[in-house]
Structures are given as C-alpha cells and as structure tokens.
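# Inside the fold
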Amino acid sequence: IVVEFDTSRYHGHSMSDPGITYRTRDEVASVRAARDPVALVKSWLIDKELATEAEVKGIEKRVRKVVDEAVAKAKAATPPPPGELTRDIYVGKYEHPRMVNVGPGPQGGPA
C-alpha cells in the first residue's frame, strides 16, 4: 500500500528561518488545521470506527518510543563518511522525479 499526502511545511528551513517571514502565523495555523496528514489519518481512523481514541493514543505512544530510540541510536553512532553527503543527490533528468532511492540497494534490496 502506498499512501501519499500533499502537505505544507510548518517550520522554517533552518534555525535562522522562523518560517513566518513570508507567511503569517494565522496562515500556517490554518493550513496545519486543514491539511495536517497525521491529524487527518487519526480522525479518519476514529470517524470510520477503525480505531478508538485510546488505540490511536497507544499507537502514538509506541511510535514515539521507536522514534526516540532511533534518535538516541543516531546521536550515539559514529558519523557517516563524507561521501554519504552526496550519495542521493541527482542532477539532470531521472526516471522517477517524485521518488527517492529508486533502484536496488545493497544486496539487491531497496536503496
């Protein structure tokens, strides 16, 4: 199953860009309220009675734990070699303009 959401970036591009230089706080808040994919999926699950609010909260708690563990592992890891900085940068035309890491990766698996 592939699910694609068209959403908006709610934050700036960097620490020096608060994200409200070219948009008002109200504009960001209204777009977030109307098009936040996480909030939309949560409301669909509950509205369609595919999950209860308690089940959704449980999912969020488990996902947060997985993310927190991954962040801790990444912070503790040795930095990647410099060549990794440019590994997935493409120039010119490429076959799948909306996909990243297209093609076989190590051992024939996904890239």
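Residues numbered from 1 in each chain as written. Predicted model: local features only at pLDDT ≥ 70, side-chain atom pairs only at ≥ 80, totals over all residues. Heavy atoms only, no water.

A few words on the packing of helix H2 (residues 37-47) against helix H3 (residues 53-76). Two numbers describe how H2 lies on H3: the axes approach to 9 Å, and their chain directions differ by 145°. Here the hand of the crossing between H2 and H3 comes out right-handed. Where H2 approaches H3, its residues Lys42, Leu45 and Ile46 are matched on the opposing element by Glu53, Val56 and Glu60. Tallied by class, residues from the contact of H2 with H3 come to 3 nonpolar, no polar and 3 charged. (Axes fitted to C-alpha atoms, helices over the stretch in contact; angles between N-to-C directions. Helix = DSSP H or I, 4+ residues; strand = E, 2+ residues; numbered from the N terminus. Left-handed = near helix turned anticlockwise from the far one by under 90°. Contact = heavy atoms within 4.5 Å. Nonpolar A, V, L, I, M, F, W, Y, C, P; charged D, E, K, R; others polar.)

This part covers the confidence of the model for the protein. Averaged over all residues, the pLDDT of the protein is 80; the fraction at 70 or higher stands at 80%. Across the protein, element-level confidence peaks in H3 with a mean pLDDT of 96 and bottoms out in helix H1 (residues 25-35) with 84. (pLDDT = per-residue confidence, 0-100.)

Moving on, we come to the layout of surface pockets. Considering only enclosed or pocket space, the largest pocket measures out at about 170 Å³ in volume. Considering the residues around the largest pocket, the lining is formed by Val38, Val41, Lys42, Leu45, Val56, Ile59, Glu60 and Val63. Listing elements by their share of the lining of the largest pocket, those giving two or more residues are H2 and H3. Each residue belonging to the lining of the largest pocket can be placed in one class, and the counts come to 6 nonpolar, no polar and 2 charged. (1 Å grid on protein atoms, 1.4 Å probe; cavity = no way out; pocket = protein on both sides within 12 Å on 5 of 7 lines; lining within 4 Å. Points joined across faces, edges and corners; volume = space filled by probe spheres on them.)

Here the focus is the pattern of salt bridges. Using the criterion set out here, one finds 4 salt bridges in the structure. Of the charged contacts, one joins Arg32 and Asp36 as a salt bridge, the two residues approaching to 3.8 Å between their closest N and O atoms. Take Arg32: its relative accessible area is 39%, and that puts it in the partly exposed class. Overall, Asp36 belongs to the buried group, its relative accessible area being 14%. (Salt bridge = Lys/Arg side-chain N within 4 Å of Asp/Glu carboxyl O. Buried < 20%, exposed > 50% of the residue type's maximum accessible area, 1.4 Å probe, protein only.)

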